[in-house]
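Per-entry structural report
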Amino acid sequence: MPALSGVLARLLTAAEPLRDVVAAAARPPGQRASHAAALDVSAPTTARALLVGALASDDPGAARPVLAVTATAREAEDLVVELGDVMDADDVALYPAWETLPHERLSPRSDTVGQRLAVLRRLAHPDDAPGRRRPRVVITPIRAVLQPQAAGLGDIAPVLLRVGSEVDLDDLVRALVDAGYHRVDLVERRGEFTVRGGLVDVFPPTADHPRRVELWGDEVAEIREFAVADQRSLGVVDEVFAPACRELLLTDEVRRRAATLAEQHPELAELLTKVAHGTAVEGMESLAPALLEQMELLVDELPV
């Protein structure tokens, strides 16, 4: 498909209607005919992938990706699939919204959080993120655009292990715990890990299957995927990319703020006291605006 995608991209940018739209979008707002800050384009729904693909193909080396905003999560997922026929699928990233509301006492799923943080990592530090390059298109539903999020999420370093690299086991365990992973006896769900001698099983929230890391001393000797149901090996892989499982991490500063707020708001004392003691609590993300120093929007994370 990459070869076909490249042909389609060239044909799209050469088509006169799309070429005119791309040229108009590239002009500063003051130089457009309408002198408006926005450029309105009317087209059938089936043309949205063509338009987004043409905008992204206009300047393949651009640092700032095209941000495509849809009305619903389903439309965002459909647009990702459609763009896969127009351009390289690795250049398209889906930034999902939480399946919960920001004020609900429910935490977003770890796979949702992991996917969001993986995209933000690709935007901020593409060298240590999947794909090793920034996406040229970020697709997201409007809810994800409007929802404030913790500042600097793209700077949260994932746990990254590669065959041949060296890592101290205690440091690895500490990094996984700090990233919101739960230590269990047997890994069954995303966001869990276990340690048995020189073997570390970890289930990254963005992976289809957990990884088994075999350590020889401090060296990563081998990494394998395995099935949850019967622990059967599914094959060798080169690395483990494990982004954080929560967007609100229990740093020392967050714990101090939680302890202070627990004294000021007795009605929230039960939840805040657990957070102050370093225990992740269901729905603690609803208090993020009070526990964090700064919140921002997705557009603030896009490269300039």
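The structure we're discussing is the one just above.
Fair warning: this is a prediction, and the values are worked out from it, not measured in the lab.

1. Details of the overall build of the protein chain
Looking only at helices and strands, the protein chain features 11 helices and 13 strands. Across the 304 residues of the protein chain, 42% fall into the buried class. On the protein chain, roughly 15,800 Å² of surface is accessible, and the fraction owed to carbon and sulfur atoms is 53%.

2. Things to note about the pattern of salt bridges
The tally for this structure, following the rule as stated, stands at 18 salt bridges. The closest approach of N and O atoms between R162 and E239, which form a salt bridge, is 3.0 Å. Of this pair, R162 sits in strand β5 (residues 159-162) while E239 sits in strand β12 (residues 239-242); the two residues are 77 residues apart in sequence, bridging distant segments of the chain. Counted as one network, the salt bridges with shared partners bring together D88, D91, R133 and R136.

3. What to know about the layout of surface pockets
Roughly 500 Å³ of volume is contained in the second largest pocket. Listed by contribution, the elements that provide at least two residues to the lining of the second largest pocket are β2 (92-94), α5 (110-124) and β12. Per-element accounting of the lining of the second largest pocket gives the leading share, 5 residues, to α5. For the lining of the second largest pocket, the per-class residue count stands at 11 nonpolar, 3 polar and 7 charged.

Analysis parameters
- Residues numbered from 1 in each chain as written.
- Predicted model: local features only at pLDDT ≥ 70, side-chain atom pairs only at ≥ 80, totals over all residues.
- Heavy atoms only, no water.
- Helix = DSSP H or I, 4+ residues; strand = E, 2+ residues; numbered from the N terminus.
- Buried < 20%, exposed > 50% of the residue type's maximum accessible area, 1.4 Å probe, protein only.
- Areas by Shrake-Rupley, 256 points an atom, 1.4 Å probe, with all protein chains shown as cover.
- Salt bridge = Lys/Arg side-chain N within 4 Å of Asp/Glu carboxyl O.
- 1 Å grid on protein atoms, 1.4 Å probe; cavity = no way out; pocket = protein on both sides within 12 Å on 5 of 7 lines; lining within 4 Å.
- Points joined across faces, edges and corners; volume = space filled by probe spheres on them.
- Nonpolar A, V, L, I, M, F, W, Y, C, P; charged D, E, K, R; others polar.

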